[in-house]
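# Fold and geometry: a report
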Amino acid sequence: MQQTPHTPVALVTGANSGLGKATAQHLCAQGFRVMMVSRDRARGEAALSELSAHAVGAPPELMLADLSSQADIRRLAAQVQARYDRLDVLVNNAGNTFMTRQVSVDGVEMSLAVNHLAAFLLTALLLPLLHAAPAARIVTVGTRLETAMQLDDLQWEKRPYNGLAAYAQSKLGNLHFTFALAERLAGKAISAHCVHPGVFRSNLGRRSGPSPLWIRLITALSAPFLTRPETAARRVSYIATAPELNGKTGGYWGDRVPLPAPPQTRDPNIREQVWRISQDLTGRPFAE
Ligand SMILES: NC(=O)c1ccc[n+]([C@@H]2O[C@H](COP(=O)([O-])OP(=O)(O)OC[C@H]3O[C@@H](n4cnc5c(N)ncnc54)[C@H](OP(=O)(O)O)[C@@H]3O)[C@@H](O)[C@H]2O)c1
């Protein structure tokens, strides 16, 4: 085991870019030992050396995993469990957009696989380590897009594929997941929150295939008016660390203020159906 007893430990997915890198940087600056998860060694090592300068205590470390692969997620979780005996903060940040329908190695539509199921499975597998921390937090990065999950076609097999709608639907999964998880962890020393980070400049969707011209144009034209990921990361690290949130769970947050939950997520029946489908698609990692 590597950490000293008093060094809080955090894991951030998608930590080589954008919001994840900036959040990892905030946590390093607050004295966390940060595991930075990246799917690409070169991009991960570049971010690691950039962030090493910000570490107050233990240096951050890099872990490699393609979160579209459930085998990779299981390998990552086993690696974390072999190296650490507790986890104080888990930031489920990695996300992507797909403008054409793509399917993961597990046969799952990619938006659902990367944006929702990866967080679901990784959290389930790391739950024993989170239980071992005195007061752990799970922060899942959502987005504020009003939509609904179409439960009879979560994978876009019956409808014409729409990349933006698939993204929005998968990100709503983050919220259903957070609410259902918080209910299941009630009374335990683990809280679960979902945060909308705002709209900011990043590399979102740049590595998942070509985007239509109109999306590239909107992205380029809007970039100068968007905030930086470092600003958005303040929201995430606040939820991950603020002492005033001790004892609170199941929150949906904007910039340090609670956001209204979208209508569909207030329906416990739908929330439970999303949970059950997610369990089925990931090999039932949560003990019922
Ligand atoms: N940008 C916004 O305005 C905005 C708004 C609301 C919510 N969000 C959310 O913020 C989060 C971070 O996104 P970002 O905007 O910072 O975009 P970003 O710069 O592209 O960062 C996304 C991170 O996720 C990683 N990732 C993507 N697919 C992965 C996979 N299969 N396995 C492992 N890692 C993978 C990326 O790795 P690579 O570098 O290898 O691609 C990258 O490190 C996402 O959950 C996104 O939905 C963003």
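To start, this report covers the structure provided alongside it. (Residues numbered from 1 in each chain as written. Predicted model: local features only at pLDDT ≥ 70, side-chain atom pairs only at ≥ 80, totals over all residues.)

### Focus on the overall build of the protein chain
Selection rule: By the criteria applied, helices consist of DSSP H or I runs no shorter than four residues and strands consist of E runs no shorter than two, each listed in order from the N terminus. Atoms considered for the radius of gyration are the C-alpha atoms alone. The globule rule reads 2.2 Å times the number of residues to the power 0.38. Counts of 20 or more other C-beta atoms within 10 Å of a residue's own C-beta define buried residues, counts of 12 or fewer define exposed ones, and intermediate counts define partly exposed ones; C-beta atoms are placed from the backbone. The contact rule is simple: place each C-beta atom from the backbone, and if two of them lie within 7 Å, those residues are in contact.
The helix and strand inventory of the protein chain stands at eight helices and seven strands. Computed over its C-alpha atoms, the radius of gyration of the protein chain comes to 18 Å, within 12% of the 19 Å expected for a compact globule of 288 residues. Projected onto its principal axes, the C-alpha coordinates of the protein chain cover approximately 50 × 45 × 35 Å. Of all 288 residues assigned to the protein chain, the portion counted as buried reaches 46%. When contacts within the protein chain are restricted to residue pairs at least 6 apart in sequence, long-range pairs at least 24 apart make up 77% of them.

### Observations regarding the site of the ligand
As a reminder, the rule being used: As a rule, any residue with its backbone-derived C-beta atom within 6 Å of a molecule or strand is reported as near that molecule or strand. Note on residue classes: Ala, Val, Leu, Ile, Met, Phe, Trp, Tyr, Cys and Pro are nonpolar, Asp, Glu, Lys and Arg are charged, and everything else, Gly too, is polar.
Around the ligand lies a shell of 29 residues, among which G14, G18, L67, G95 and S202 are the nearest. Of all the elements, helix α1 (residues 18-29) adds the most residues to the shell around the ligand, at three residues. Considered class by class, the residues forming the shell around the ligand number 10 nonpolar, 13 polar and six charged.

### Concerning the sheet that holds strand β2 (residues 33-38)
Rules: Any two strands between which DSSP finds at least two bridges are classified as paired. The convention used is that axes are lines fitted to C-alpha atoms, helices contributing only their stretch in contact, and that angles between N-to-C directions extend from 0 to 180 degrees.
In spatial order, the strands read β3-β2-β1-β4-β5-β6-β7; together these seven strands make up an open sheet with parallel pairing. Strand pairing shows two members of the sheet lacking a second neighbour, β3 (61-64) and β7 (251-253), which therefore form its edges. Strand-to-strand, the axes of this sheet are offset by a mean angle of 20°, without reference to chain direction. Relative to β2, strand β1 (residues 9-13) runs parallel, the two being bridged by five bridges. Note that in β2 the partner of V9 across the bridge is R33.

### Digging into unusual backbone geometry
A positive phi angle, close to 60°, is found at W156, a residue other than glycine. Looking at where W156 falls in the secondary structure, it is placed in the loop between β5 (136-141) and α5 (163-184). The backbone of R256 sits at a positive phi, close to 65°, despite the residue not being glycine. Relative to the helices and strands, R256 is located in the loop between β7 and α8 (268-281). The exposure class of R256 is partly exposed, given the 13 C-beta atoms found within 10 Å.

### Observations regarding the nonpolar core
Side chains that are nonpolar tend, in soluble globular proteins, to be buried together. The following threshold applies: Under the definition applied here, buried Ala, Val, Leu, Ile, Met, Phe, Trp, Tyr and Cys residues are grouped into a nonpolar core through C-beta atoms within 7 Å.
Membership of the largest hydrophobic core comes to 77 residues, with the highest contact counts inside it found for V12, M36, A118 and L126. The element best represented in this core is helix α4 (residues 110-131), accounting for 16 residues.

### What about α1?
Which entries qualify depends on this criterion: What a helix should span is 1.5 Å times the count of its residues minus one.
Counted at 1.5 Å a residue, the expected span for α1 with its 12 residues is 16 Å, and the 17 Å between its end C-alpha atoms agrees. With 11 of 12 residues buried, α1 is to be regarded as a mostly interior element. The complete set of buried residues in α1 reads G18, L19, G20, K21, A22, T23, A24, Q25, H26, L27 and C28. Buried residues along α1 sit in contact with β1, β2, α2 (41-52), β4 (89-92), β5 and α7 (229-241). G31 lies just past α1 and shows a positive phi near 95°.

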